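The lines below spell out each chain.
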Amino acid sequence: SGRARAHHRVLCVVVAARKMPLECTMVCLDTSEHMRNGDFVPTRHESQQDAANLVVGAKMQQNAENSVGVLTMASVGRRGGARVLVSPTDDMGKILASLHEASIAGKLNLVEGVQVAQLALKHRRNKNGGQRLVLFVGSPVEAEAKALVKAGKLLKKNNIAVDVVLLGSDEASADKLRQFVEAATSHDNSNFVQIPPGVVPSDVLISSPVVQPDGGQGSTAAAEAPDAGAANFGGVDANLDPELAMALRVSMEEERARQQAAAAAQREAERPTEQSAAADEPPAEPAPEEPAVPEVDDDDALLQQALAMSMREHVASQEAADQEPDEPPPVAEMEVDEDDETMQLALQMSMQTNDAKDEAKPAEDAPTFSDPNFVNQMLAQLPGVDPNDPAIKAALESIRGAGTDDNKPNQDDKPTDDQNS
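Residues numbered from 1 in each chain as written. Predicted model: local features only at pLDDT ≥ 70, side-chain atom pairs only at ≥ 80, totals over all residues. Heavy atoms only, no water.

1. Section: the overall build of the chain
Part 1: Scanning the chain for helices and strands turns up 15 helices and 6 strands.
Part 2: Expressed as a percentage of the 421 residues in the chain, the buried residues total 32%.
Part 3: Counting only contacts in the chain whose residues sit at least 6 apart along the sequence, the fraction spanning at least 24 positions is 71%.
Part 4: Looking at the chain as shown, the accessible area adds up to about 26,200 Å², and 52% of this sits on carbon and sulfur atoms. (Helix = DSSP H or I, 4+ residues; strand = E, 2+ residues; numbered from the N terminus. Buried < 20%, exposed > 50% of the residue type's maximum accessible area, 1.4 Å probe, protein only. Contact = heavy atoms within 4.5 Å. Areas by Shrake-Rupley, 256 points an atom, 1.4 Å probe, with all protein chains shown as cover.)

Right under this line is the structure:
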């Protein structure tokens, strides 16, 4: 059918990228009269055939050397009971033909079907790889739980895994089959999947451990989530109608983006309201914001102190300039750091020493030039100068007379600057 072909294409994409271990599988179908029930669309039997096609395609895609056989667990006539339609083979045509030929007749005999399937696996052509039974059950299980547990333990002893797919909501049959799966489980290699009425079995199995052993949700989770595959697309199966599913997905994303934008706009609109409400309220406790004021006062005080120091230095420099206009400007012209008081003191002391030396030089030089012998010796050493020349003698006499006049104020303790002026 078209549904089976669609699932087969999807399965090829899912399984193509990985290779599963070698395995031989027997698919056991329930062909009893209860499979005519119409609670699955179109009937339980046809839904079972679609699901079996999906499982067969998955097993054949997982490994190129896998083999699959088909068996019916109900029939009538002289060979009533379980019947093998095709032995384990890798011929996909024979397998699909046997699934199509399975007809409804008889009564379910689950224990016999399990035993016959076990014998078919025992006589498989390729002895390598694992062994597995996939049981489709759509009828009430009349076998006792003890018999099923015993059959399950025998399967576990022979290293045969079991996957049971129950169609319907018969809780009594579900309990028996769970006990059967638990008895056959070894290292979590068996699974139980229950599909409620009104759900497409192939939609559930495509995401279950029956089809995807390494990526399924587990036996219990897969049975309780029949609509998980369609939940992401608004309830539409993406495998059946991918265009509608994609349109719904885009619409849902746009709606989600619109809601997020509306929520962001609402948050932005609430911020000015909160700010205005905070502004209208009188400041109840302004005290926590006042500790920053002392820092501003300290800065102002430092600035005023610096201005006062600069003004004092400026006034001192002007007074020094007025008192000693002929002397070079003191500290201001020598680019000395104003804050370094030690340097200023050293400079002032050095200038006072220089002033004292300058005042002492005229007193030391005056007696030297007033000595006539020293002057005559010095003139005699000059080339072309005659110390006995009348003009030179007159000049020397005038210098001596000027020196005598200069020494008189010094003796009277008068400042030298007033005499020069």
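2. Some thoughts on the side chain of Gln49
Part 1: Looking at the secondary structure, you find Gln49 in helix α2 (residues 44–62).
Part 2: The class of Gln49 is buried, set by a relative accessible area of 16%.
Part 3: Discounting chain neighbours no more than four positions away, the residues touching Gln49 are Leu99, His100 and Ala102.

3. Things to note about helix α3 (residues 92–101)
Part 1: When we look at burial in α3, the residues that qualify are Ile95, Ser98 and Leu99. The buried residues of α3 occupy one face: seen down the axis, they fall within an arc of 100°. Facing away from the buried surface of α3 by more than 90 degrees, the exposed residues are Lys94, His100 and Glu101.
Part 2: Elements in contact with the buried residues of α3: β1 (23–29), α2, β2 (67–72) and β3 (83–89).
Part 3: Backbone nitrogen of Gly93 and a side-chain oxygen of the N-cap are separated by 3.1 Å at the start of α3; the cap is Asp91. (Arc of directions from axis to C-beta. Polar contact = N/O pair within 3.5 Å; in protein donor to acceptor, adjacent residues only side chain to side chain.)

4. So, the pattern of salt bridges
Part 1: Within the structure shown, the criterion is met by 9 salt bridges.
Part 2: One salt bridge connects Arg132 with Asp163, and the closest N-O pair in it is separated by 3.0 Å. Of the two residues, Arg132 sits in strand β4 (residues 130–137) while Asp163 sits in strand β5 (residues 160–167), which places them 31 residues apart along the sequence.
Part 3: For Arg132, a relative accessible area of 10% gives the class buried.
Part 4: Of the residues examined, Asp163 reaches a relative accessible area of 0% and is grouped as buried. (Salt bridge = Lys/Arg side-chain N within 4 Å of Asp/Glu carboxyl O.)

5. Some remarks on the confidence of the model for the chain
Part 1: The predicted model of the chain averages 75 in pLDDT, with 62% of residues at 70 or higher.
Part 2: Considering only residues more than four positions removed or in separate chains, one finds that residues 13–17, a stretch of pLDDT under 50, has 3 contacts. (pLDDT = per-residue confidence, 0-100.)

6. Remarks on the sheet that holds β2
Part 1: Reading across from one edge, β3-β2-β1-β4-β5-β6 is the order of the 6 strands in this open sheet, with mixed pairing throughout. If you trace the sheet from one side to the other, it starts and ends with β3 and β6 (191–195), each paired once. Adjacent strand axes in the sheet meet at a mean angle of 15°, parallel and antiparallel pairs treated alike.
Part 2: Sheet analysis places β5 next to β6, joined by 5 bridges and oriented parallel. Counterpart to Leu167 in the pairing with β6 is Ile195. (Pairing = 2+ DSSP bridges. Axes fitted to C-alpha atoms, helices over the stretch in contact; angles between N-to-C directions.)

7. Digging into unusual backbone geometry
Part 1: In this structure, Pro42 follows Val41 across a cis peptide bond, with omega equal to -10°.
Part 2: Counting through the fold element by element, Pro42 comes out in the loop between β1 and α2.
Part 3: Its identity is not glycine, yet His187 carries a phi of approximately 60°, on the positive side.
Part 4: Counting through the fold element by element, His187 comes out in the loop between α6 (171–184) and β6.
Part 5: Backbone geometry at Asp188 places phi at a positive 60°, although glycine is not the residue there.
Part 6: Inspection of the secondary structure puts Asp188 in the loop between α6 and β6.
Part 7: The class for Asp188 is exposed, based on a relative accessible area of 64%.

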